[in-house]
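Listed below, chain by chain, are the residues.
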Amino acid sequence: MIPQIDLGRQHAALRQDLLDAAARVLDSSRFVLGAEGRALESEVAALCGVRHGIGVGSGTDALRLALAALDIGPGDEVITPAFSFIASASTVLMAGATPVFADIDLDTYAIDPSRIERAFTPRTRAVIPVHLYGHPAAMDRIVALARARKVAVIEDAAQAIGGTYAGAPVGSWGDVACLSFYPTKNLGACGDGGMLVTTRDDLAERLRVLRDHGATERYRHVRLGWCSRLDEMQAAMLRVKLRRLPAWTEARRRIADRYRSSLAGLRLSLPVERAPARHVYHLFTVRSAQRDALAKTLGDLGVGTATHYPLPIPGQPLFERGGLRTDWPAAWQASREVLSLPCFPELTDVEIETVSRAVRQALS
Ligand SMILES: *Cc1c(COP(=O)(O)O)cnc(C)c1O
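Residues numbered from 1 in each chain as written. Predicted model: local features only at pLDDT ≥ 70, side-chain atom pairs only at ≥ 80, totals over all residues. Heavy atoms only, no water.

## Considerations on the overall build of the protein chain
Argument step 1. From N to C terminus, the protein chain includes 12 helices and 14 strands.
Argument step 2. Its C-alpha atoms give the protein chain principal-axis dimensions of about 65 × 55 × 35 Å.
Argument step 3. In the protein chain, which comprises 364 residues, the proportion classed as buried is 55%.
Argument step 4. Partitioning the intrachain contacts of the protein chain with sequence separation of at least 6 by distance along the chain shows that 72% fall at a separation of at least 24.
Argument step 5. As displayed, the protein chain has an accessible area near 15,200 Å², and 52% of this comes from carbon and sulfur atoms.
Argument step 6. A distance of 1 Å separates the average location of the 44 positive side-chain charges in the protein chain from that of its 40 negative side-chain charges. (Helix = DSSP H or I, 4+ residues; strand = E, 2+ residues; numbered from the N terminus. Buried < 20%, exposed > 50% of the residue type's maximum accessible area, 1.4 Å probe, protein only. Contact = heavy atoms within 4.5 Å. Areas by Shrake-Rupley, 256 points an atom, 1.4 Å probe, with all protein chains shown as cover. Lys, Arg positive; Asp, Glu negative; His and termini not counted. Charge placed at Lys NZ, Arg CZ, Asp CG, Glu CD.)

Here it is, written out as structure tokens:
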């Protein structure tokens, strides 16, 4: 069986380094807001080309905190893609604001800038572009559209750490960007974790207060904050992994290249990398009109797959109004046709060949 993702291989290779990092934290007995977290914050901020990193409990909390730091709440609208992981929109609801869904571009799976343009109203306060599957959204156009209307840009970079757009890192384009360290992400913790990155000093300061009980100093609480901090254990282990991230990203890009040549010519839409975006292939997601049958046959042939995601966000039961399917045709088509093939840095050339042969057989 070739799994869609295998975290065991990564942890077997890093086992001693991770145990050493965990032991360092245990010996320090400093578990929250300490030296490891601060070091990781500056290392990740540097990678993203920004001044500040603010470690938090998860990528979802990062999005909630970004909305809170921008004072977005009831009566406000936030434009978010119709096709993404649920947190890109559920966090807008949590803030008391209204998500306004824009369709995606079916080639890159990122939010379509022309759809954003049509979704603006006088109530729009922010846009949340998602760099889905690791392909950066069209940030030059999105930032220009938002700036012209004095609307904030919150990048959901949960799937795209290390990616770039026009040479500038993902995370450096928006007012603030949100990263997730969920274990399966390109930089994954051994548990939950997330980070906000920003160059805006005002936002960084507010975010540090908001993640820590709204406190500016011990027992002085100036805002209604919450408790969401990246712990030292996760930070120490993430620092071990961060050193490998550039090599892992190269490995993912190489896997994508090999798949693209071995799967060429089939009745299958392969992922594209549209310049000037640099893709980090969090997922290698293909599209087939016979998606369910393809997944079933691949499973029978010993190839694991996954569906990211089987419903557009406005089609989720959470959003009961459902909306008109015709509003987001690309999102609905994607949800019917996408299938993620095995893609993780340790995947071997032999396995890529085996997967490709199975796909050929399934489609023949
Ligand atoms: C994973 C993910 C999140 C949420 O991150 P968590 O750390 O799981 O809370 C948000 N948006 C996208 C696009 C994601 O893939």
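Having seen it, we continue.
## A closer look at unusual backbone geometry
Argument step 1. Note the cis peptide between Ala-275 and Pro-276, where omega equals 5°.
Argument step 2. Checked against the element boundaries, Pro-276 lands in the loop between helix H9 (245–262) and strand S12 (277–278).
Argument step 3. For the bond running from His-308 to Tyr-309, omega is 15°, close enough to zero to count as cis.
Argument step 4. As for its position among the elements, Tyr-309 is in the loop between helix H10 (291–300) and helix H11 (329–337).
Argument step 5. Even without being a glycine, His-213 presents a positive backbone phi close to 60°.

## Focus on the packing of helix H2 (residues 35–47) against helix H8 (residues 232–242)
Argument step 1. Relative orientation of the contacting elements H2 and H8 amounts to 40°, with a least axis distance of 8 Å. It follows from the interaxial angle that H2 and H8 lie oblique. The handedness of the crossing between H2 and H8 is left-handed. Contacts between H2 and H8 pair Ala-35, Glu-36, Gly-37, Ala-39, Leu-40, Glu-43, Val-44 and Leu-47 from the former with Glu-232, Ala-235, Ala-236, Leu-238, Arg-239 and Leu-242 from the latter.
Argument step 2. By residue class, the composition of the contact of H2 with H8 is 9 nonpolar, 1 polar and 4 charged. (Axes fitted to C-alpha atoms, helices over the stretch in contact; angles between N-to-C directions. Parallel < 35°, antiparallel > 145°, perpendicular 65-115°, else oblique. Left-handed = near helix turned anticlockwise from the far one by under 90°. Nonpolar A, V, L, I, M, F, W, Y, C, P; charged D, E, K, R; others polar.)

## Observations concerning the packing of aromatic side chains
Argument step 1. Evaluation of the coordinates by the stated rule reveals 8 aromatic pairs.
Argument step 2. Members of the aromatic cluster, joined through ring pairs, are Phe-83, Phe-85 and Tyr-309.
Argument step 3. Its guanidinium or amino end placed over the ring of Trp-226, Arg-64 lies 4.8 Å from that ring's centre, counting from NZ or CZ. (Phe/Tyr/Trp six-rings, centres within 6.5 Å; stacked < 30°, edge-to-face > 60°. Lys NZ or Arg CZ within 6 Å of the ring centre and 35° of its normal.)

## Comments concerning the sheet that holds strand S8 (residues 176–180)
Argument step 1. Ordered in space as S1-S9-S8-S5-S4-S2-S3, the 7 strands form an open sheet in which the pairing is mixed. The sheet is open, and its two edges are formed by strand S1 (52–56) and strand S3 (98–102), each paired on a single side. Between one strand and the next, the sheet's axes are offset by a mean angle of 25°, whatever the strand orientation.
Argument step 2. Across 4 bridges, the pairing between S8 and strand S9 (residues 194–198) is antiparallel. Looking at the pairing, Cys-178 lines up with Leu-196 of S9. (Pairing = 2+ DSSP bridges.)

## Brief notes about the site of the ligand
Argument step 1. Lining the immediate surroundings of the ligand are 15 residues, of which Thr-60, Asp-156, Gln-159, Ser-180 and Lys-185 lie closest.
Argument step 2. With respect to the ligand, the side chain of Lys-185 contributes an N or O atom lying 3.0 Å from an oxygen atom.
Argument step 3. Bound to the protein, the ligand loses 93% of the 380 Å² it would expose on its own.
Argument step 4. At the level of secondary structure, the elements contributing two or more residues to the shell around the ligand comprise helix H3 (59–69) and helix H4 (87–94).
Argument step 5. For the shell around the ligand, the residue count by class is 5 nonpolar, 8 polar and 2 charged. (Near = heavy atom within 4 Å. Polar contact = N/O pair within 3.5 Å; in protein donor to acceptor, adjacent residues only side chain to side chain.)

## Examining the domain arrangement of the protein chain
Argument step 1. As far as domains go, the protein chain holds domain 1 (7–242) and domain 2 (245–363).
Argument step 2. A C-alpha centroid distance of 24 Å is found between domain 1 and domain 2.
Argument step 3. With 44 residues of domain 1 in contact, the opposing surface of domain 2 contributes 40 residues.
Argument step 4. Among the residues of domain 1 in contact with domain 2, Arg-9, Tyr-133 and Asn-186 are the three that bury the most area, contributing 20% of the side total.
Argument step 5. On inspection of domain 1 and its partner domain 2, the count reaches 3 salt bridges.
Argument step 6. Among the ionic pairs, Arg-274 bridges to Asp-107, the shortest N-O distance being 3.4 Å.
Argument step 7. On the surface where domain 1 and domain 2 come into contact, there are 23 residue pairs in polar contact (both at pLDDT 80 or more). (Domains from an automatic or database assignment. Buried area = accessible area lost by both parts, 1.4 Å probe. Salt bridge = Lys/Arg side-chain N within 4 Å of Asp/Glu carboxyl O.)

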